Amino acid sequence: MILEERLDGQGAGEESGVRKGCDPLMQTQHGGLQSRRARIYQQISKELQMRTGAENLYRATSNHRVRETVALELSYVNANLQLLKEELEQLDGSVETCRHGSEGVAAPMIPLGLKETKELDWATPLKEVISGHFGEDSASYEAEIRELEALRQAMRNPSRNEAGLELLAAYYNQLCFLDARFLTPARSLGLFFHWYDSLTGVPAQQRTLAFEKGSVLFNIGALHTQIGARQDRSCAEGNSRAIEAFQRAAGTFSLLRENFSHAPSPDMSAALLCALERLMAAQAQECVFEGLSLPAPAAPSDGPAQLHLAQEAAQVAAEYRLVHQTMAQPPVCDYVPVSWNALVCVKAEFFRSLAHYHAAVALCDGSMVAKGELPTHEQVFLQPLDCAPQGLALSQEPEECRRLGKAHLKRAILGQEEALRLHAVCRVLREVDLLQAVVAQALRRSLARYSELDREDDFCEAAEAPDIQPKTHHKPEARTPCLSQVKVADIFHRLGPLSVFSAKNRWRLVGPVHVTRGESGFGFTLRGDSPVLIAAVIPGGQAAAAGLKEGDYIVSVNGQPCKWWKHTEVVAQLKGVGEAGVSLQVVSLLPSSGPPGAGDRRPALLGPGGLLRSQRERGCKTPAPARASPRPLLGWSRKAKQDRTRDSAQPCAPAGPAATAPDPQALPSPSESPGWP
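Everything quoted here is computed from the prediction, not taken from an experiment.

Draft legend 1. Layout of the pairing of strand E10 (residues 582-590). With 7 of its 9 residues buried, E10 lies for the most part within the structure. Two elements, strand E5 (residues 506-515) and E10, share 8 bridges in a ladder whose sense is antiparallel. In the sheet register, Val515 faces E10, and the bridge partner there is Val582. As judged from the 4 bridges shared by strand E8 (residues 553-557) and E10, these two strands associate in the antiparallel manner. Following the sheet pairing, Tyr553 is matched in E10 by Val587.

In structure tokens:
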């Protein structure tokens, strides 16, 4: 990600009526579904609280009549939860059924609902850190806090387009700034981050900022699925956008799976993220097949092209069979909607039948037989027909090819009829007319082709057609989300550069210190930018007499804040002072292990691993995401392990390293200026 710390004081708290990328009115189709989903989440949370209270009362009381009353109440609560669960499954099973202006129809896709969250009060914990650790007036940062709260509120209802993705990415990048500035491995903000599970609606809460970051990343992946599902795949441009969207979704879920352990909600568990990743990969592969099936004037439709389509369709069927196997394994099967499983089964059967249909069309193509272009058995089928020797080409006899093509058409018809049967079994899928229309259209086409090949005097039945070998020339790979393309400015930039002014460092404000110009200048050497560092103090000079020490950072010159000043700006300001001298305010970094004001400052600054050495090596000024951090992207605080019983609605608790902060941004090598003339 590209993170930028704001160098001016403008922009804090400045908000337009509606932030770009936000859909506050929820006017889109998926926006309406998300609004209904949020209402169900709140009802589920309320019923769960009632059930918890009733269970506690049932265990605590010994009165028989009270226990009977509580047991009756529990039965009502459980019944209500079951009804809410079925309603949520119906929403989760909603597929994109938008019809486009093209003549052809395409099978619907599975979009994923966004995770919902509660409102969050950033003001209290942030003001405590700003006043307690940074020593600033917390009341002067109310505009920045309002801007952060407005950004979080806007990202709860993102629009279903690229602007919505940018809004989510911008909030995620701000979370990285907050992580770098306000958090340490031993300190959290003390906030409870509440998020609802996307599939079950069960609420979960944790104190760790990593949970907030992970939930936002999940919503980025879910929003990619919705964008991909609503594309018009009847044209090449829309098909390409759908493929990219599903690739981005798969990459986002893969990123979460690789960096999260023991997630507090089922939808972010490793098993379910793996299932979602495979589902998105299968839908991307389906879009590849649809792109190859699009009518194109220059594209050949002869036998070789049909064999290519047959193997591509077999590849899609194989991908969906793998998805079904993953969804059937516990604990994924306990959370995935039944309609998803049904749709995956329908698609696996449907694309396998399409593979047989295109193989039949290729076998019945007379041009391939005439030219002798029929491939070998093992190039097309999973096993040679009738145990034919390996490398043997398909029969060149037109009659044999017709019979084999007829056998493939028979399997195509049986497969499409089975897909229609599976579609009719699922109550949710029965309401999706578009899916039935797609399968029924393919069935009518297969029956028409079969009637053309059928003859009255054809009494010889060909052997059962073998399965088609899956093969693709375009395997969609998972692609990570484009967080690096969204540039944001640090909301709390006025606190100073992150290389110094963060909760991971401790410092003491010194001054104002009055320094006069001597014969050899002010008696110190400056280095670096934002903030400028006093790299050396000449013994016996004016700076030493005023109390300045090596390793101090200049934060004010004659009352002007200069935390963000460049080296040249500070030098120019010092050169312009007269005989009266200059008034400087500096901060002295303290050792992390000792109490404030105790111990020598030089070992902490200049010793092995000290801050000055770190600055020389990195030239750090601001956190920049251009370089990946060596630590995990989304870790978990150890504090969460201690609070797992009360912080999460689920019994599992996260464990692992602390959340990773953005790496410092590399700057040009720091310049030096010896004592001023």
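Draft legend 2. Region of the structure containing the pattern of salt bridges. Under the definition given, this model contains 16 salt bridges. Measuring nitrogen to oxygen at the nearest pair gives 3.7 Å for the salt bridge that ties Glu244 to Arg248. Residue Glu244 and its partner Arg248 are located together in helix H7 (residues 236-259), separated by 4 residues, close to a single helical turn. Two residues, Arg411 and Asp467, come together in a salt bridge whose shortest N-O distance is 2.9 Å. Of the two residues, Arg411 sits in helix H13 (residues 398-425) while Asp467 sits in the loop between helix H15 (433-453) and strand E4 (487-490), which places them 56 residues apart along the sequence.

Draft legend 3. Highlighting the side chain of Glu286. Relative to the helices and strands, Glu286 resides in helix H8 (residues 270-293). When sequence neighbours within four positions are dropped, the list of residues in contact with Glu286 reads Ala107, Met109, Val316, Tyr320, Lys347 and Phe351.

Draft legend 4. Representation of the packing of aromatic side chains within the structure. Taken as a whole and judged by the stated rule, the model has 10 aromatic pairs. With a centroid separation of 5.6 Å and 50 degrees between ring planes, the pair formed by Phe218 and Phe253 is classed as tilted. Taken as a pair, Phe218 in helix H6 (residues 209-229) and Phe253 in helix H7 lie far apart in primary sequence, 35 residues in all. Ring geometry for Phe522 and Phe524: centres 6.0 Å apart, planes at 15 degrees, overall stacked. A residue is classified by how much of its surface remains accessible, and Phe524, at 0% relative accessible area, is buried. Aromatic rings pair up to connect Phe134, Phe182, Phe492, Phe501 and Trp507 into one cluster.

Draft legend 5. Representation of the nonpolar core within the structure. In this structure, Trp122, Phe182, Val216, Leu279, Trp340 and Phe492 are the most contacted members of the largest nonpolar core, which totals 118 residues. The leading source of residues in this core is helix H5 (residues 162-182), at 13 residues. Not counting chain neighbours up to four residues away, the residues in contact with Phe182 comprise Leu126, Val129, Ile130, Phe134, Arg187, Leu189, Phe492, Leu495 and Ala503. Counting 20 residues, the second-largest nonpolar core is a separate cluster that includes Val515, Val557, Val577 and Leu584.

Draft legend 6. A look at the environment of Pro266. Position of Pro266 among the secondary structure elements: in the loop between H7 and H8. Residues Pro266 and Leu199 lie 67 residues apart in sequence; the distance between their C-alpha atoms is 8.1 Å.

Draft legend 7. Representation of the packing of helix H3 (residues 123-132) against helix H4 (residues 142-155). H4 packs onto H3 with a crossing angle of 140 degrees between their chain directions and a minimal axis gap of 11 Å. The orientation of H3 relative to H4 falls into the category oblique. The crossing of H3 and H4 is right-handed. Every residue of H4 that contacts H3 at Ala123, Leu126 and Lys127 is listed here: Glu142, Ile145, Leu148 and Glu149. Looking at the contact of H3 with H4 residue by residue, the classes come out as 4 nonpolar, no polar and 3 charged.

Draft legend 8. Structural view of H15. In a regular helix each residue adds 1.5 Å, so 21 residues correspond to 30 Å; H15 covers 31 Å between its end C-alpha atoms and thus fits that length. Within H15, burial applies to Leu434, Leu435, Val438, Val439, Ala440, Ala442, Leu443, Ser446 and Leu453.

Thresholds applied
- Residues numbered from 1 in each chain as written.
- Predicted model: local features only at pLDDT ≥ 70, side-chain atom pairs only at ≥ 80, totals over all residues.
- Heavy atoms only, no water.
- Buried < 20%, exposed > 50% of the residue type's maximum accessible area, 1.4 Å probe, protein only.
- Helix = DSSP H or I, 4+ residues; strand = E, 2+ residues; numbered from the N terminus.
- Pairing = 2+ DSSP bridges.
- Salt bridge = Lys/Arg side-chain N within 4 Å of Asp/Glu carboxyl O.
- Contact = heavy atoms within 4.5 Å.
- Phe/Tyr/Trp six-rings, centres within 6.5 Å; stacked < 30°, edge-to-face > 60°.
- Core = buried A, V, L, I, M, F, W, Y, C linked by side-chain atoms within 4.5 Å.
- Axes fitted to C-alpha atoms, helices over the stretch in contact; angles between N-to-C directions.
- Parallel < 35°, antiparallel > 145°, perpendicular 65-115°, else oblique.
- Left-handed = near helix turned anticlockwise from the far one by under 90°.
- Nonpolar A, V, L, I, M, F, W, Y, C, P; charged D, E, K, R; others polar.
- Expected span 1.5 Å × (residues − 1).

Shape is all these values report; function is a separate question.
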